[in-house]
Amino acid sequence: MSEPRKTAILYRMVMPDHVCPYGRKAVWLLKRKGYAVEDRHLTTRAGTDAFKAEHDVKTTPQTFIDGVRIGGYDDLRRFFGQKVPEAGATSYVPVLAVFAVALLLALVVVWWMDGPVLANLPPAFISIAMCLLAMLKLQDVEKFSTMFLNYDLLAQKWPPYGYIYPFAELGAGVLMLAGVLTWLSAPVALFIGGIGAVSVFKAVYVDKRHLKCACVGGSTNVPLGFVSLTENLMMIAMAVWMLAVMH
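Residues numbered from 1 in each chain as written. Predicted model: local features only at pLDDT ≥ 70, side-chain atom pairs only at ≥ 80, totals over all residues. Heavy atoms only, no water.

Engineer: Just checking my understanding: could you explain the overall build of the protein for this structure?
Structural biologist: Helices and strands together make up the secondary structure of the protein, namely 10 helices and five strands. Taken along its principal axes, the extent of the C-alpha atoms in the protein is 75 × 45 × 35 Å. In the protein, buried positions account for 43% of the 247 residues. Sequence-distant contacts, at least 24 apart, represent 65% of the contacts inside the protein between residues at least 6 apart. Each charge class in the protein was averaged separately, 23 positive and 18 negative side chains, and the resulting centres sit 3 Å apart. (Helix = DSSP H or I, 4+ residues; strand = E, 2+ residues; numbered from the N terminus. Buried < 20%, exposed > 50% of the residue type's maximum accessible area, 1.4 Å probe, protein only. Contact = heavy atoms within 4.5 Å. Lys, Arg positive; Asp, Glu negative; His and termini not counted. Charge placed at Lys NZ, Arg CZ, Asp CG, Glu CD.)

This is the structure in structure tokens:
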């Protein structure tokens, strides 16, 4: 004899001009966990406000299981044992995602290049990573430059450097990937990478400061640390290698 199916009651906003995305996700999650969902729609602002006041909650959707209010979508995820990032929590995921995509693109690029794949892969990876990181900074140069000033030694002395940096990184990355104007791209990469490495090392390992990194733009919660230092060390390594090849 089969067990009776578990049931959950879900209140969510479903209006002509707005269907709550978290409500949709809550329905999907409940069904995936084997619940029959009694899906109750809040179809007006007035009805939504009345529901919030009645249950003393600030947001919707709200889920009830066995007569007990579980809460919103994040609360529902916690109820099922899923990890929910806390507000303001730092994570290396954004920059690791950039490195992963850069590696995949580099593999495609070197596949079509002449010469050994293993020898061509590192410079292609570093060049593409520089371009992707610069792109993220260029989405909002103002926010990037503000966060950058928290730790970069040159930007603290000369704030315009915070605005120049993303363009310099992008230009150097593009030229390195194309293999042209090495006399320009390599010194630029060596300069910005060197200053960046010293700045990050001082802030993190000497001053012991806990800061957010501007490496993937000014709106992320990437902690300033080893991964941030890696970005600068890669630029230095790339620049030194290209200068050595020139001679």
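Next comes the rest of the account.
Engineer: Would you mind going over the pattern of salt bridges with me for this structure?
Structural biologist: Should the charged atoms of two oppositely charged side chains come close, the side chains can pair. Under the definition given, this model contains six salt bridges. Here Glu169 makes a salt bridge to Lys137, at a shortest N to O gap of 3.0 Å. Taken as a pair, Glu169 in helix H8 (residues 161-178) and Lys137 in helix H5 (residues 117-138) lie far apart in primary sequence, 32 residues in all. As far as the burial class goes, Glu169 and Lys137 line up, both buried. (Salt bridge = Lys/Arg side-chain N within 4 Å of Asp/Glu carboxyl O.)

Engineer: When you look at the side chain of Arg12 in this model, what are you seeing that I'm missing?
Structural biologist: Following the sequence through the fold, Arg12 ends up in strand S1 (residues 6-15). Residue classification places Arg12 among the buried residues on the basis of a relative accessible area of 11%. Not counting residues within four places of it along the chain, the set of residues in contact with Arg12 comprises Val19, Gly23, Arg24, Val27, Asp39, Arg40, His41, Leu42 and Pro61.

Engineer: Is there a simple way to think about a nonpolar patch on the surface in this case?
Structural biologist: The grouping of Val180, Leu181, Trp183 and Leu184 at the surface amounts to a nonpolar patch, some 390 Å² of accessible area in total. Locating Val180 in the fold gives a position in the loop between H8 and helix H9 (182-206). Residue class for Val180 comes out partly exposed when judged on its relative accessible area of 38%. (Patch = residues over 30% accessible without salt bridge, like charges linked within 9 Å, V, L, I, M, F, W, Y side chains within 5 Å. Areas by Shrake-Rupley, 256 points an atom, 1.4 Å probe, with all protein chains shown as cover.)

Engineer: What is the right way to look at the packing of helix H4 (residues 93-111) against H5 in this model?
Structural biologist: A pair of packed helices can be characterised by two numbers: the angle between their axes and the separation between those axes. Two elements in contact, H4 and H5, have axes separated by 7 Å at closest approach and are oriented at 135 degrees. Taken together, H4 and H5 sit at an angle that is classed as oblique. Note on packing geometry: the crossing formed by H4 with H5 is right-handed. Residue-level contacts link Val95, Val98, Phe99, Val101, Ala102, Leu103, Leu105, Ala106, Leu107, Val109 and Val110 of H4 to Val117, Asn120, Leu121, Ala124, Phe125, Ile128, Ala129, Leu132, Leu133 and Leu136 of H5. Grouping the constituent residues of the contact of H4 with H5 by class yields 20 nonpolar, one polar and no charged. (Axes fitted to C-alpha atoms, helices over the stretch in contact; angles between N-to-C directions. Parallel < 35°, antiparallel > 145°, perpendicular 65-115°, else oblique. Left-handed = near helix turned anticlockwise from the far one by under 90°. Nonpolar A, V, L, I, M, F, W, Y, C, P; charged D, E, K, R; others polar.)

Engineer: Explain H5 here, please?
Structural biologist: For the α-helix, the turn length of 3.6 residues means that residues three or four positions removed from each other point alike. Taking 1.5 Å per residue, 22 residues should reach 32 Å; H5 reaches 31 Å between its end C-alpha atoms and fits that length. Among the 22 residues of H5, 16 are classified as buried, and the element is accordingly described as predominantly covered. (Expected span 1.5 Å × (residues − 1).)

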